[in-house]
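# Descriptive analysis of the structure
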Amino acid sequence: MAIPLAKVSFPFKGHQYKNNFWSKKPITTPNLSSKWTHLGLSWREEPIRKPVTGAVTPSNDYSLVVSEIQTKKKEEDREGRVSITEHERGLVDVWRQIHGQDEWESMLDPMDPLLRSELIRYGEMAQACYDAFDLDPYSKYCGSCHCEPSKFFQYLGLAHCGYEVTRYLHTSYNANLPQLFKKSLWEDSANWSPVANWFGYVAVSDNETSANLGRRDITIAWRGTVTKLDWMADFTDLLRSIMTHKIPAPDPQVKAEAGFIHVYTDRNSSCEFCMYSAREQVLAEVKRLVQKYAGEELSITITGHSLGSALAILNAYDLAETGADLMDDGQAIPICVYSFAGPRVGNTRFKERLECLGVKVLRVVNVHDKVPRVPGMLFNEHMPAIMQKIGDMLPWSYSHVGVELALDHKNSPFLKETNDIYCCHNLEALLHLLDGYHGKGQMFALTSKRSLALVNKSCDFLKDHFLIPPNWRQKENRGLVKDTIGSWMQPERHDLEEHLQLEGMDHHLQQLGLASAK
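Notes on the structure in this doc start here.

### Observations regarding the overall build of the protein
- Secondary structure summary: the protein contains 15 helices and 11 strands in total.
- With 518 residues in all, the protein has 56% of them scored as buried.
- Contacts spanning at least 24 positions in sequence make up 73% of the contacts within the protein whose residues lie at least 6 apart.
- For the protein, the computed accessible surface area is about 23,700 Å², with 53% contributed by carbon and sulfur atoms.

Following this line, the structure appears as structure tokens:
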């Protein structure tokens, strides 16, 4: 939950900050019941803010922050500014191009406004994986999602996003290193499994949103690196044939990073949340949804940040290769991955096979971020062809997939000059860069009403004179509530059964030719 700015003290000294405030109105805590509209996460009910550009000074108004835009730019903005409803009507006609049908040709430079809007929307669905993950070791339910699937978007203040979560995804890394799992300090707590971590969700668009999008959209969102075990997966960078983990492939030379494969395919029969692997959970759910909405036009959109991006690409490959994307008439549902700050996933053969399967991948990166440069820092797609052939024989020769959209945080006048690796990798900062990007060499100009405060949600990247505290997001009272006698305590949760959703798993796995976990 956001910390009220009125309760935050800023010990600034010196003439620069003397009496330098933009408003004397009392600062109040925004109402969280309306989709975090104070944070700009609602894109439907408020007018779109004017683009802002130029140099930033402490005396600028907070909402605009910059000097006046040239008259021509204002006219272009007025002509190009349309309501979200108009954007959605446009999506009915162009959603296949935005989904990568033509490899986003002529849509990235200059930046297509509809594509930008959709990238931000799916980026926020990836960010939801971080916001909903309980990583507090003092919580009885550390390692789980904060709420049940039916209340997921409502809990995050996104009740009107137009999607319904249909399944949670859990992982269990089969490494004998239990200390690496994100788990509660409550040793006697049997509330959550010590070997399971929540890793994302599957959601489907509702009827109204589907009409606006031009199709029924099945979205899969994967969480990025948070726990020590996630970091272990990131650094287990040896290539391994995906066939050794029963992921289908035309030949054993189709390889991916071993750590990513383990997170995606490992299961733990002693844990009810991980008796099925994340792979089995997501394949069965997609198969179920494809059958449920048979006869409708469908799309599968997979999104993730960092490690979540790698899992999204691996998941997309698996869906296409396994045939979970096929309708009853044999027609393939288009699969698209929106990757944010993702690492390389597999070798050249993996890339070639992914392209052959028709999976589309758009990778959004900050050019100063180190993560997209690994693994394969020495042997990768940038090598000469002869060196690539040599590299293909090595267990650490990787190749990026899809189309890259490269952004530069130094183009934003709102961000600090910093070498902080985490700031350069931060997802909210990347969405801020998307919001202001119009094309190579063009002026940085914010186009939506996303709040600048989001950038500092979990990092310290905004310039100090915006007076937005770093790392401001936290759960209200760290999850403690008062009992009937006024004592602070952790409430018990009675919704964990909804997190399981095991019904029909074996049936749908058998339809895909996969063995039951039982």
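Still to come is the rest of the account.
### As for the sheet that holds strand β2 (residues 197-205)
- Strand order in the open sheet formed by 7 strands is β1-β2-β3-β6-β7-β8-β9, with mixed pairing between adjacent strands. One side of each edge strand has no neighbouring strand; the edge strands of this open sheet are β1 (163-171) and β9 (403-407). Put simply, the sheet's adjacent strands are angled 15° from each other on average, direction ignored.
- Bridge analysis of strand β6 (residues 298-305) against strand β7 (residues 335-340) gives 6 bridges, and the strand direction is parallel. Considered in β7, the bridge of Ile 302 is made with Val 337.
- Its contacts with the sheet put helix α8 (residues 278-292) on β1, β2, β3 (216-222) and β6, and the angle it makes with β1 is roughly 155°.

### Quick notes on helix α9 (residues 307-322)
- When the terminal C-alpha atoms of α9 are compared, their 22 Å separation across 16 residues agrees well with the 22 Å that a helix rising 1.5 Å per residue should span.
- Extensive coverage of α9 is indicated by the burial of 16 of its 16 residues.
- Following α9 by one or two positions, Gly 323 has its phi on the positive side, about 90°.

### A word on the side chain of His 99
- Relative to the helices and strands, His 99 resides in the loop between α2 (84-98) and α3 (113-131).
- With sequence-adjacent residues up to four places away left out, His 99 is seen in contact with Trp 104, Arg 215, Ser 299, Ile 300, Thr 301, Pro 334, Ile 335, Cys 336, Tyr 338 and Lys 360.

### A short note on the pattern of salt bridges
- Applying the stated criterion across every chain, the model contains 25 salt bridges.
- Among the salt bridges present, the one from Arg 493 reaches Asp 495, with a minimum N-O distance of 3.4 Å. Summarising the burial analysis for this pair, Arg 493 and Asp 495 share the class buried.
- Where salt bridges share partners, they join Glu 124, Asp 131, Glu 428, Arg 450, Lys 457 and Arg 473 into one cluster.

### A closer look at the packing of aromatic side chains
- Within the structure shown, the criterion is met by 11 aromatic pairs.
- Note on Tyr 122 and Tyr 338: the rings are 5.2 Å apart at their centroids and 40° apart in plane angle, and the pair reads as tilted. Of the two residues, Tyr 122 sits in helix α3 while Tyr 338 sits in strand β7, which places them 216 residues apart along the sequence. Both residues of the pair, Tyr 122 and Tyr 338, count as buried.
- For the ring pair Phe 152 and Trp 198, a centre distance of 6.1 Å and an interplane angle of 40° mean the geometry is tilted. Of this pair, Phe 152 sits in helix α4 (residues 152-155) while Trp 198 sits in strand β2, and the two are 46 residues apart along the sequence.
- Here the aromatic cluster, defined as three or more aromatic residues joined through ring pairs, consists of Phe 152, Phe 153, Tyr 168, Trp 198 and Tyr 201.
- Stacked on the ring of Tyr 122, the Lys or Arg Arg 121 has its end atom at 4.5 Å from the ring centre.

### Examining the pairing of β7
- Most of β7 sits inside the fold, with 6 of its 6 residues counted as buried.
- The two faces of β7 match: Ile 335, Val 337 and Ser 339 on one face and Cys 336, Tyr 338 and Phe 340 on the other face are all buried.
- Running through α9, the crossover from β6 to the neighbouring parallel element β7 is right-handed.
- The pairing of β7 with strand β8 (residues 360-366) spans 5 bridges and is parallel. For Phe 340, the partnering residue across the bridge sits in β8 and is Val 364.
- This β-α-β element, β7 to helix α10 (residues 348-356) to β8, shows right-handed connectivity.

### Looking at the packing of α8 against α9
- Between α8 and α9, the shortest axis-to-axis distance is 11 Å and the interhelical angle comes to 55°. Taken together, the axis directions place α8 and α9 in an arrangement best described as oblique. Where α8 crosses over α9, the handedness of that crossing is right-handed. For the pair formed by α8 and α9, the contact residues are Arg 279, Val 282, Leu 283 and Val 286 on the first element and Asn 315, Asp 318, Leu 319 and Thr 322 on the second.
- Among the residues forming the contact of α8 with α9, the class breakdown is 4 nonpolar, 2 polar and 2 charged.

### Here's the deal with the state of the cysteines
- If you walk through the whole model with that rule in mind, you get 0 disulfides.
- Cysteine Cys 423 remains unbridged, with the sulfur of Cys 459 as its closest cysteine sulfur at 4.3 Å.
- Judged by its relative accessible area of 2%, Cys 459 is buried.

### Some thoughts on unusual backbone geometry
- With an omega of 0°, the peptide bond between Asp 109 and Pro 110 qualifies as cis.
- Here Pro 110 shows up in the loop between α2 and α3.
- Here the bond from Val 374 into Pro 375 is cis, since omega is -15°, no more than 30 degrees from zero.
- Among the structural elements, Pro 375 can be located in the loop between β8 and α11 (385-391).
- Its identity as a non-glycine residue notwithstanding, Trp 104 has a phi of 60°, on the positive side.
- Structurally, Trp 104 can be placed in the loop between α2 and α3.
- One non-glycine residue, Leu 467, lies in the positive phi region at around 60°.
- Among the structural elements, Leu 467 can be located in the loop between α13 (427-436) and β10 (481-482).
- Since its relative accessible area comes to 12%, Leu 467 is described here as buried.

Conventions we followed
Residues numbered from 1 in each chain as written. Predicted model: local features only at pLDDT ≥ 70, side-chain atom pairs only at ≥ 80, totals over all residues. Heavy atoms only, no water. Helix = DSSP H or I, 4+ residues; strand = E, 2+ residues; numbered from the N terminus. Buried < 20%, exposed > 50% of the residue type's maximum accessible area, 1.4 Å probe, protein only. Contact = heavy atoms within 4.5 Å. Areas by Shrake-Rupley, 256 points an atom, 1.4 Å probe, with all protein chains shown as cover. Pairing = 2+ DSSP bridges. Axes fitted to C-alpha atoms, helices over the stretch in contact; angles between N-to-C directions. Expected span 1.5 Å × (residues − 1). Salt bridge = Lys/Arg side-chain N within 4 Å of Asp/Glu carboxyl O. Phe/Tyr/Trp six-rings, centres within 6.5 Å; stacked < 30°, edge-to-face > 60°. Lys NZ or Arg CZ within 6 Å of the ring centre and 35° of its normal. Right-handed = clockwise from strand over helix to strand, strands pointing away. Parallel < 35°, antiparallel > 145°, perpendicular 65-115°, else oblique. Left-handed = near helix turned anticlockwise from the far one by under 90°. Nonpolar A, V, L, I, M, F, W, Y, C, P; charged D, E, K, R; others polar. Disulfide = S-S within 2.5 Å.

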